Amino acid sequence: EVHLVESGGGLVQPGGSLRLSCAATGFTFSSYAMSWLRQAPGKGLEWVSAISLGGSTFYADSVKGRFTASRDNGKNTAYLQMNSLKPEDTGVYYCSGGSALYEYTNWGQGTQVTVSS
């Protein structure tokens, strides 16, 4: 069965950094595009970043230049490096996979990121 598990969230001060991980099992990870999405308190789901099967990366304007997506197919893991964090980055971060970019077939349970002084 398909299973995605996010980790690496936590509490950080503005300007700080976190690295999120998404460990995948139950499917051919290398055949899936992976995405990161987030949900701020009281807000809807927001697309953050994506990485293609070939490793091309894409970012929302709000995080471009601060966040970096990557993947390690040998470890069946996707990563999101988050630098220069802002309070508006606060939310639950989810990883999702699909057979093509912008397909969100499988989801993890999410990891909380809180940016606060």
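This one's a predicted model, so the numbers in the text were calculated from it and none came from an experiment. (Residues numbered from 1 in each chain as written. Predicted model: local features only at pLDDT ≥ 70, side-chain atom pairs only at ≥ 80, totals over all residues. Heavy atoms only, no water.)

Draft legend 1. Here's a closer look at the pairing of strand E9 (residues 91-98). Most of E9 sits out of view: seven of its eight residues are buried. By the bridge criterion, seven bridges tie strand E4 (residues 33-39) to E9 in an arrangement that is antiparallel. Counterpart to Trp36 in the pairing with E9 is Cys95. Bridge count for E9 against strand E11 (residues 111-115) is three bridges, and the pairing is antiparallel. Bridged to Val92 within E11 is Gln112. (Buried < 20%, exposed > 50% of the residue type's maximum accessible area, 1.4 Å probe, protein only. Helix = DSSP H or I, 4+ residues; strand = E, 2+ residues; numbered from the N terminus. Pairing = 2+ DSSP bridges.)

Draft legend 2. Representation of the sheet that holds strand E7 (residues 67-72) within the structure. Spatial ordering of the open sheet is given by E1-E3-E8-E7, a layout of four strands whose pairing is antiparallel. Lying at the two open borders of the sheet, with one neighbouring strand each, are strand E1 (3-7) and E7. Direction aside, neighbouring strands of the sheet carry axes that sit 15° apart on average. Looking at chain direction, E1 and strand E3 (residues 18-25) are connected through five bridges and run antiparallel. Note on E3: the bridge partner recorded for His3 is Thr25. (Axes fitted to C-alpha atoms, helices over the stretch in contact; angles between N-to-C directions.)

Draft legend 3. Structural detail: the side chain of Glu6. Within the fold, Glu6 resides in strand E1. No salt bridge is formed by the buried Glu6; its nearest oppositely charged neighbour, Arg38, is found at 13 Å. Among the polar contacts made by the side chain of Glu6, one reaches the main-chain amide nitrogen of Gln109 at a distance of 2.9 Å. A polar contact is formed between the side chain of Glu6 and the backbone nitrogen of Gly110, at a distance of 2.7 Å. Those residues in contact with Glu6 that lie beyond four places of it in its chain are Ser21, Cys22, Trp36, Tyr93, Tyr94, Cys95, Gly108, Gln109, Gly110 and Thr111. (Lys, Arg positive; Asp, Glu negative; His and termini not counted. Salt bridge = Lys/Arg side-chain N within 4 Å of Asp/Glu carboxyl O. Polar contact = N/O pair within 3.5 Å; in protein donor to acceptor, adjacent residues only side chain to side chain. Contact = heavy atoms within 4.5 Å.)

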